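Residue strings, one per chain:
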Amino acid sequence: MENRSNFGSKLGVILASAGSAVGLGNVWRFPTEVGNNGGAAFIFIYLLCVVFVGVPVMVSEFLIGRHTHTNTISAYQKLAPGTWWRYEGVAGVFIAFLILSYYIVISGWTLYYLILSLTGYFSQNQDYVSCFSDFVSHPFQPIIYSALFMLMTHLVIARGVESGIERFSKVMMPMLLFIIGILVVCSFGMPGARQGLTFLLRPDFSKVTPSVVLSAVGQAFFSLSLAMGCLCTYASYFGPDTRLVKTAFSVSTIDTFVAVLAGFIIFPAVFSVSDVEVNAGPGLVFITLPNVFHMAFSHVPILGYFFSALFYVLLLLAALTSAMSLHESVTAYVHETMHLSRRRAAALVSISCMTLGIGCSLSFGPWSNYTIFGLTMFDLFDFVASKIIMPLGGIIICLFVGWKLDRKLVEDELTNGGTHRFRLFRIYLFLVRWAVPLAIALVFVHELLG
Ligand code: TRP
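Worth saying up front: this structure is predicted, and the values here are computed from it rather than measured. (Residues numbered from 1 in each chain as written. Predicted model: local features only at pLDDT ≥ 70, side-chain atom pairs only at ≥ 80, totals over all residues. Heavy atoms only, no water.)

K.L.:
Got a minute to help me understand the site of the ligand in this structure?
P.N.:
Taken together, 18 residues lie near the ligand, and Ala21, Gly25, Tyr103, Phe222 and Ser225 sit nearest. The separation between an oxygen atom of the ligand and a polar main-chain atom of Ala21 is 2.9 Å. Contacts to the ligand include Ser223, whose backbone N or O atom sits 3.1 Å from a nitrogen atom. In the complex, 100% of the free accessible area of the ligand, which totals 360 Å², lies under the protein chains. Comparing atom positions with the cavity grids shows the ligand to sit within the largest cavity. (Near = heavy atom within 4 Å. Polar contact = N/O pair within 3.5 Å; in protein donor to acceptor, adjacent residues only side chain to side chain. Areas by Shrake-Rupley, 256 points an atom, 1.4 Å probe, with all protein chains shown as cover. 1 Å grid on protein atoms, 1.4 Å probe; cavity = no way out; pocket = protein on both sides within 12 Å on 5 of 7 lines; lining within 4 Å. Sits in = over half its atoms within 2 Å of the grid points.)

K.L.:
Please explain the confidence of the model for the protein as it appears in this structure.
P.N.:
When pLDDT drops low, the exact placement of atoms in the prediction is not to be read closely. Model confidence for the protein is summarised by a mean pLDDT of 91, while 97% of its residues fall at 70 or above. Least confident of the elements in the protein is helix 13 (residues 288-296), whose mean pLDDT is 79; most confident is helix 7 (residues 141-159), at 98. (pLDDT = per-residue confidence, 0-100. Helix = DSSP H or I, 4+ residues; strand = E, 2+ residues; numbered from the N terminus.)

K.L.:
Looking at this structure, how should I read the packing of helix 2 (residues 24-36) against helix 10 (residues 210-223)?
P.N.:
For any two helices packed against each other, the geometry is given by the interaxial angle and the distance between the axes. One can describe the packing of helix 2 onto helix 10 by two numbers: an axis separation of 10 Å at closest approach and a directional angle of 175°. One finds that helix 2 runs roughly antiparallel with respect to helix 10. The segment helix 2 lies against helix 10, with Gly25, Asn26, Arg29, Phe30 and Glu33 engaging Ser215, Gln219, Phe222 and Ser223. (Axes fitted to C-alpha atoms, helices over the stretch in contact; angles between N-to-C directions. Parallel < 35°, antiparallel > 145°, perpendicular 65-115°, else oblique. Contact = heavy atoms within 4.5 Å.)

K.L.:
Explain the nonpolar core to me, please; I cannot follow it from the model alone.
P.N.:
Soluble globular proteins tend to bury their nonpolar side chains together. By size, the foremost hydrophobic cluster in this structure holds 158 residues, and its most contacted members are Ile99, Phe311, Tyr312, Leu414 and Tyr428. The biggest single contributor to this core is helix 5 (residues 86-118), with 18 residues. Apart from residues no more than four positions distant in its own chain, Leu414 is found in contact with Val59, Leu63, Leu244, Val245, His420, Phe422, Phe425 and Tyr428. (Core = buried A, V, L, I, M, F, W, Y, C linked by side-chain atoms within 4.5 Å. Buried < 20%, exposed > 50% of the residue type's maximum accessible area, 1.4 Å probe, protein only.)

What follows is the structure, encoded as structure tokens:
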């Protein structure tokens, strides 16, 4: 493709990819999963999943994207023309679209909560449960906030790769890391810090079951933005001297670091307020935390004000950089294969995604009784994406790179044409050929049969 844009700098590559990875998954989903799956034991399994499953899959996606320099669907077509492998690309882009449509719902709530916290709402005593449930079940209020969030994402994507995605990631990611630092320090000073840390650091392995392991795999995929063509699309904008393995390690490290730090922010805060439950589910950051902000800082409300406002800014920044990558994965495809200008392609994706998003948003309110297999539209999308397509996609990507692609091509891509060494190449090959597909398949089948 002529004149295809690229990221302009190495820092841009890392910050944009880390921006994709660090998202609601880290700050909202990870602590919830930790709370539901036995605390530190889950974290331990999760770390293993990141190193042995997440990193190899990320490297594989990077190499597919960088080698082909095109959107995910065309990438598979280019590497294996006319074979069924191309459906992996199709599934990825399609599911990225589904994820974006429910991702903007939660992101919309975040925007609303940011505004609430800025107005000082959480410094007074409120009924946080009905505040949340009234809002999310309202027929159009949450839709408006989702639409606003979609608009923000759209504006960045429409600007393009270098002056949109890269430029914004370079501003937003450092801000995000800085805010996390401040919040961790605040949280350590809270009365429940010790209990919170014990919960996070002392593992209870009796809680580990195959379904916990599948949750950990699913969480690792979700958090690292794997198997949906996002990182593959970003990698198609990498230059020839970007080191793929190193980048994958940096991105996974930043992502895991942020997830664990989010736990360090949330659990000490939660344990500081004795009557709040740890595993409060998806309501954790929208019901439990506002309560915590209010109670833990009742003696100095201004601190509670700052803490809550900063927290929701953090969540919003994280959500935005991730939504950008989901959007880009679909937009790149529409732009490159339907011969629409980038702006039009982005508009088409934004509008159609928002339309589905309305359904996801309504599934918390007027449509909550419409279910398929007992799941609302929102839950169904999340279930299909993170429990089915992501593990399957992971297996397929590994098999594709391990068995279908020419070994020389893979090695060349990972060493930038032999300009540096990749000592772990044999281990990588073993992981993508055997270990990762088998491991995912085992937990997956167990979960299906169970
Ligand atoms: N990784 C992001 C998060 O942690 C979400 C995300 C962005 C994502 N792109 C993705 C999840 C692709 C799965 C696949 O919130």
